[in-house]
Amino acid sequence: MAKILCVGIATVDIVNEVAMYPTEDDEIRIVTQDKRRGGNAANTAVILSQLGHECYWAGTLVKEIDCHIILDDFKRYQVNDQFCHFLEQGKVPTSYIVLSQATASRTISHFRDLPEYDFSEFKKIPLEAFEHIHFEGRNIDQSLKMMHYAKYNYPKKMLSVELEKPRKGSEQLIDNADIIIFSKNYARQYGFDSAQAFLQSFNDEQSTHKILICAWGDSGAVALVKRIIYHQEAIKVNAVDTLGAGDVFNAGIIDQLLTHNNISLCLKHACQLAAMQCTKKGLNLEPMDVKEHYETR
Ligand code: FRU
């Protein structure tokens, strides 16, 4: 099992489950309300930890009333938060989420009033201890510095980055990463209508040394490695909660790539893990799920 650092955000997610998504100016009842710890990097770390890895999360927080929701959850799932930078002022990033029972869709309104993690904090982390470092494609100028520093000083470490939203300059993060996981949304913003077409647009020499992955919801997931395309169909399940499914997929990819190089199997297991996650609420894998994940390797 590997020692993994995930750099990015941790949030408080206020999940309001409703029978169906409302129309504008509607008034509806919430069926259940749940406060959970969320955030892409934090979610990925929590899943990787449940899969048996030694996980660390690095990001910013502020010690205010809701902060314990995040810290308690990290403790529960044994994610080490010693590299967290606690700021004096602000609010923990909070997402207000409408989870529709009719479709399992999750609509996120995100509130942020907290500076992001910066390079000066990242530089304090003893990176030599980690096998894998995972980044979120956010806070671009600082993330760029972090990834460049990590790649330049520790060229043998595996660096992955999730490019979920097309933010200005985010394509620059690709240069220093070994594994790049794109979302459907990201590819579509660049005018592509399939994961295959999007990944095939990376035809330069540098990209042939990277693992490029794009998840495409109902159409499954695709990888491009050494100019070869691999495709995995979506796994059909009765979804009840799709919140964080992408973060679980990312954890599945990282977990699998750390153990073997079979790209088809990596895609298959990551899709299975994400699908399994969608069948239940919250990001807690049952011991059985973990067992099944490993037995089908
Ligand atoms: C899910 C998620 C939520 C969080 C939001 C932040 O992927 O990480 O947990 O509120 O996205 O963008």
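(A) Quick look at the packing of helix α1 (residues 40-50) against helix α7 (residues 245-259). At a closest axis distance of 8 Å, the pairing of α1 and α7 adopts a crossing angle of 50°. By the angle between their axes, α1 is oblique relative to α7. The chirality of how α1 crosses α7 is right-handed. Taken together, the residues of α7 that come into contact with α1 (itself represented by Asn40, Asn43, Thr44, Ile47 and Leu48) are Asp247, Val248, Asn250, Ala251, Ile254 and Asp255. Classifying every residue of the contact of α1 with α7 by side-chain character gives 5 nonpolar, 4 polar and 2 charged.

(B) Looking closely at the pattern of salt bridges. Evaluated as defined, the whole model comprises 15 salt bridges. Here aspartate 73 and arginine 37 are joined by a salt bridge, their closest N and O atoms 2.6 Å apart. Of this pair, aspartate 73 sits in helix α2 (residues 67-76) while arginine 37 is found in strand β3 (residues 32-38), placing the two residues 36 residues apart along the sequence. One network of salt bridges, in which partners are shared, links Lys35, Glu64, Asp66 and Lys91.

(C) Structural view of the site of the ligand. Around the ligand, a shell composed of Thr11, Asp13, Gly38, Gly39, Asn40, Asn43, Ser95, Ile108, Leu243, Gly244 and Asp247 is seen. Aspartate 13 places a side-chain nitrogen or oxygen 2.6 Å from an oxygen atom of the ligand. Take aspartate 247: an N or O atom from its side chain is 2.8 Å from an oxygen atom of the ligand. Coverage of the ligand by the protein chains reaches 93% of its 310 Å² of free accessible surface. Breaking the shell around the ligand down by element, the ones donating at least two residues are β2 (11-18) and α1. In terms of residue class, the shell around the ligand is made up of 2 nonpolar, 7 polar and 2 charged.

(D) Local environment of the side chain of asparagine 43. Among the secondary structure elements, asparagine 43 is positioned in helix α1. Since its relative accessible area comes to 5%, asparagine 43 is described here as buried. Every residue in contact with asparagine 43, bar those within four places of it in the chain, is listed here: Arg37, Gly38, Gly244, Asp247 and Leu283.

(E) Structural view of the sheet that holds strand β6 (residues 79-80). In space, the 9 strands of this open sheet follow the order β6-β4-β1-β10-β11-β12-β13-β14-β15, with mixed pairing throughout. This sheet does not close on itself; its edge strands, each paired only once, are β6 and β15 (228-232). Pairing between strand β1 (residues 3-7) and strand β10 (residues 132-136): 4 bridges, direction parallel. Its bridge partner lying in β10, valine 7 is registered against phenylalanine 135. Seen against the sheet, α1 touches β1, β4 (54-58), β6, β10 and β11 (158-163) and runs at an angle of roughly 160° to β1.

Criteria and thresholds
Residues numbered from 1 in each chain as written. Predicted model: local features only at pLDDT ≥ 70, side-chain atom pairs only at ≥ 80, totals over all residues. Heavy atoms only, no water. Axes fitted to C-alpha atoms, helices over the stretch in contact; angles between N-to-C directions. Helix = DSSP H or I, 4+ residues; strand = E, 2+ residues; numbered from the N terminus. Parallel < 35°, antiparallel > 145°, perpendicular 65-115°, else oblique. Left-handed = near helix turned anticlockwise from the far one by under 90°. Contact = heavy atoms within 4.5 Å. Nonpolar A, V, L, I, M, F, W, Y, C, P; charged D, E, K, R; others polar. Salt bridge = Lys/Arg side-chain N within 4 Å of Asp/Glu carboxyl O. Near = heavy atom within 4 Å. Polar contact = N/O pair within 3.5 Å; in protein donor to acceptor, adjacent residues only side chain to side chain. Areas by Shrake-Rupley, 256 points an atom, 1.4 Å probe, with all protein chains shown as cover. Buried < 20%, exposed > 50% of the residue type's maximum accessible area, 1.4 Å probe, protein only. Pairing = 2+ DSSP bridges.

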